[in-house]
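Examination of the molecular architecture
For reference, the chains in residue letters:
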Amino acid sequence: MFATNYYCLVAGLKEYSLDADTKGFDAKAIVGEILEGVAGVDADAVRLLYGYYDCENIASLRAGRSAHNPLGNFTREELEEEVKAPKRLPSAVGRVLRAYADPEGEDAEEVDTAQRFETALFDAYYATCSRAKSRFLREWSAFDRNLRNVSAAVTARAAGRAVEEVVVGGGDVAEQLQRSSAADFGLRGELPYIDAVIAAVNDEANLVEKEHKIDLIRWNEATELATFDYFDINTILSYLARVNIVARWTQLDAVRGREMFDRLMAELDGLCGLDKVKADVKSLINLVKVRRLRQEHGLPVPPMSLHLVFLGNPGTGKTTVARLLAKIYRAIGVLSKGQLVEVDRSGLVAGFVGQTAIKTRKVIDSALGGVLFIDEAYALNGGGANDFGQEAIDTLLKAMEDHRDDLVVIVAGYDGLMDEFIHSNPGLESRFNRFLHFADYTAEELLAIFRMQCEKGCYILEPEAEAPLRSLLERRMADAASFGNARGVRNLFEQILVRQAGRLAGQASVNREDLTRITAADVEAVGRANDLEAKER
């Protein structure tokens, strides 16, 4: 059967580039025009292309978020009804919705409801696309899934998370991502763009530039997949795939900024403990947002320093909150990039006269548009007459003044030492007048962090193991500075896994359940080893 050609429709489509002037651009209107001009079966292919946004909106709806991408096939109100009783969604997607709504129903027999809802949802969408009549849609969806999986896998690996948690769907690429420990996941020969993705994710601190680089890969692939198509549905779908990328960038500062802000605030709320810090951060963000609104309305605004002092012991979440704050400031337009540059004294101070200022300026330049996080900042002070720490402080103070509209500096360290540091210099006192105190985690919070580690690594902490674990945590908490709070929990988790491995190595046979269980014996073995080390000391 011959494909339908759309000579007039294709000839009338306005071409865009990734960095084009998008004045008057209306993606929804473009899609509507195309749907009116194509045949029924081809209109179905267009709707299926935009089904990805339906899945995004379903996930947002289910999580209680307000974000809704207007490029989806349904309004928010329509989608709310469709989710309750799926009729117009692809059958595989509807099956996932019914399975999770009724885990005991017939649909649950065909859907693995043990996996994350979003994983099952997008897996169903991509599976539907793989059976589409349109060649472009089949190949584009396979590429899109692989690109998103690679990006997610690289990000997960950098964050120390399990790749299995973020990969969607099956196939050779998905399996290779989950089993390979190679830097390129052993996919360089199969995916020509993998090095570019790895570089964008790992090396690009500018969040916007990182997304731009990945979208450029997407843009080039959309063009290439329709190289030998001219007036058929594949040409139109290729055009729409590029229109979607342009639409994403026109929304970046407005809709996407709000989506990013909501997601980041949810991530902040999801952190264990830190209730006072969360409240302080939210108050600061509200103050910044109102200040920007006053500026937009031409009202005067009082001088305000966004630089912060983070006080607390190691492992209390200071770096995590700083990274989130950098991204939040980017989302609300305070900073242009949103990256976090983390240094300590060694990253700023050189060993010879005149080199410290150069070294410090280089670090500052890399942090422009984002947040410069200086850990143990008090180490810059008090090194003696021949110490160059003061040169770093002077260079930093000047940069904070010169770049006050696009640089935030956060200094962090122990309570008393940081107080002395800030009050040792009038320039520091005038610029750092907001202090956030990160309290040590309670035993219950540390236990919750341990459970989160288990969940991320697909381990199950047996109920009988909780009491000895709590006891072990309380003993270690007696020396909070050396224990390291959340950092200490991660170390303890690794020690327990070593004991679990020793126990399993002695068993005649090991099944899947054995590999996931952390027992009281594993925890107690670590406790006995700790007690023995303490006696020897």
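Numbering of residues starts from 1 in every chain and runs along the sequence as written. Totals for whole chains, interfaces and linings use every residue, but because this is a predicted model, local features are given only for residues with pLDDT of at least 70 and side-chain atom pairs only at 80 or more, for both listing and counting. Just so you know, side-chain values use all the structure's heavy atoms and leave hydrogens and water out.

**Some details on the overall build of the chain**
Helix and strand definitions follow DSSP, with helices as H or I runs of at least four residues and strands as E runs of at least two, each counted in order from the N terminus. Per the secondary structure count, the chain includes 25 helices and 7 strands. Computed over C-alpha atoms, the radius of gyration of the chain comes to 27 Å, within 12% of the 24 Å expected from 2.2 N^0.38 for 537 residues, which places it in the range of a compact globule. Projected onto the principal axes, the alpha-carbon positions of the chain cover approximately 85 × 70 × 45 Å. Per-residue accessibility, obtained with a 1.4 Å probe over protein chains only, is compared with the maximum for each type, and a residue is labelled buried under 20%, exposed over 50%, and partly exposed between these values. Split into buried and exposed, the 537 residues of the chain put 50% on the buried side. Note on contacts: a residue pair qualifies if any of its non-hydrogen atoms lie within 4.5 Å across the two residues. Restricting to contacts in the chain with at least 6 residues of sequence separation, those with at least 24 account for 67%. The Shrake-Rupley method, run with a 1.4 Å probe, gives the accessible areas here. Residue values count only the displayed protein chains as cover. Carbon and sulfur atoms form 51% of the exposed surface of the chain, whose accessible area is close to 27,000 Å². Each radius of gyration reported is based on C-alpha atoms, and the globular scaling rule is 2.2 Å times the count of residues to the power 0.38.

**Focus on the packing of helix H14 (residues 275-296) against helix H15 (residues 318-331)**
The N-to-C vectors of H14 and H15 enclose an angle of 20 degrees; their axes lie 12 Å apart at closest approach. In terms of orientation, H14 and H15 fall into the roughly parallel class. With respect to the hand of their crossing, H14 and H15 are arranged in right-handed fashion. Residue-level inspection shows Val277, Val281, Leu284, Ile285 and Val288 of H14 in contact with H15, the latter providing Val321, Leu325, Ile328 and Tyr329. Between N-to-C directions, angles span 0 to 180 degrees; the directions come from axes that are lines fitted to C-alpha atoms, helices contributing only their stretch in contact. An angle below 35 degrees is treated as roughly parallel, one above 145 as roughly antiparallel, one from 65 to 115 as roughly perpendicular, and anything else as oblique. Two helices crossing with the near one rotated counterclockwise from the far one by less than a right angle form a left-handed crossing, whereas a clockwise rotation gives a right-handed crossing.

**Details of the side chain of Ser134**
On the secondary structure map, Ser134 appears in the loop between helix H7 (117-130) and helix H8 (135-158). Side-chain polar atoms of Ser134 contact the backbone nitrogen of Phe136, separated by 3.4 Å. Non-local contacts of Ser134, meaning those with residues more than four positions away in its chain, are made with Asn234 and Leu237. Under the rule applied, a polar contact is a pair of N or O atoms within 3.5 Å (in protein, one hydrogen donor and one hydrogen acceptor; residues adjacent in sequence only if both atoms are side-chain atoms).

**Considerations on unusual backbone geometry**
A positive phi is found at Phe185, a non-glycine position, where the angle reads about 60 degrees. For Phe185, the position within the fold is in the loop between helix H9 (172-179) and helix H10 (194-203).

**Quick look at the sheet that holds strand S1 (residues 308-312)**
Paired strands, in this sense, are two strands between which DSSP finds at least two bridges. If you walk across this open sheet you meet the 5 strands as S2-S3-S4-S1-S5, and the pairing is parallel. The open sheet terminates on both sides in strands that have one partner only, identified here as strand S2 (340-343) and strand S5 (435-438). With direction set aside, neighbouring strand axes in the sheet form an average angle of 20 degrees. Where S1 meets S5, 4 bridges bridge the pair, whose relative direction is parallel. Across the sheet, the residue bridging to Val309 is Phe435, located in S5.

**Examining the nonpolar core**
Nonpolar cores were defined as sets of buried Ala, Val, Leu, Ile, Met, Phe, Trp, Tyr and Cys residues, with membership established by side-chain atoms within 4.5 Å. The biggest cluster of nonpolar side chains holds 84 residues, and the ones touching the most others in it are Ile34, Leu177, Ile236 and Leu240. Element by element, the count of residues in this core is highest for helix H12 (residues 233-251), at 11 residues. Apart from the residues within four sequence positions on either side, Leu177 is in contact with Asn149, Val150, Ala153, Val163, Val167, Phe185 and Leu187. Counting 57 residues, the second-largest nonpolar core is a separate cluster that includes Ile328, Ile410, Tyr441 and Phe493.

**A short note on the pattern of salt bridges**
The salt bridge definition used is simple: a Lys or Arg side-chain nitrogen within 4 Å of an Asp or Glu carboxyl oxygen. In total, this model carries 28 salt bridges according to the counting rule given. Here Asp229 ties to Arg135 by a salt bridge, and the two come within 2.3 Å at their closest N and O atoms. Linking Asp229 in the loop between helix H11 (207-224) and H12 with Arg135 in helix H8, this pair joins segments that are 94 residues apart in sequence. With relative accessibility at 14%, the residue Asp229 sits in the buried group. We note a salt bridge from Arg517 to Glu462, for which the minimum N-O separation is 2.6 Å. Remark: Glu462 occurs in the loop between strand S6 (460-461) and helix H21 (463-477) and Arg517 occurs in strand S7 (residues 517-518); sequence separation between them is 55 residues. Assessed through its relative accessible area of 18%, Glu462 is described here as buried. Salt bridges here are not isolated pairs; linked through shared partners, they connect Asp144, Arg148, Glu211, Asp215, Arg218 and Arg248.

**Description of the environment of Gln355**
In this fold, Gln355 is placed in helix H16 (residues 355-367). Remark: the alpha-carbon pair of Gln355 and Ala392, spanning 37 residues in sequence, is separated by 9.7 Å.

**What to know about the packing of aromatic side chains**
Centres within 6.5 Å are what make two rings of Phe, Tyr or Trp a pair, Trp counting through its six-membered ring; a difference in plane orientation under 30 degrees is then read as stacked, over 60 as edge-to-face, and the rest as tilted. Applying the stated criterion to the full structure yields 16 aromatic pairs. For the pair Tyr52 and Tyr53, a centre-to-centre distance of 6.1 Å together with 85 degrees between the ring planes defines the contact as edge-to-face. Considered together, Tyr52 and Tyr53 belong to a single accessibility category, that of buried residues. With a centroid separation of 4.8 Å and an interplanar angle of 50 degrees, the aromatic rings of Phe310 and Phe438 are classed as tilted. With Phe310 in strand S1 and Phe438 in strand S5, this residue pair connects regions lying 128 residues apart in the sequence. When sorted by exposure, Phe310 lands in the same class as Phe438, which is buried. In textbook terms, an aromatic cluster arises when at least three aromatic residues are bridged by ring pairs, as seen for Tyr50, Tyr52, Tyr53, Phe122, Tyr125 and Tyr126. Remark: a charge is flagged as sitting over a ring if the NZ atom of Lys or the CZ atom of Arg is within 6 Å of the ring centre and within 35 degrees of the ring normal. The positively charged end of Arg62 is found above the aromatic ring belonging to Phe117, 4.1 Å away from the centroid.

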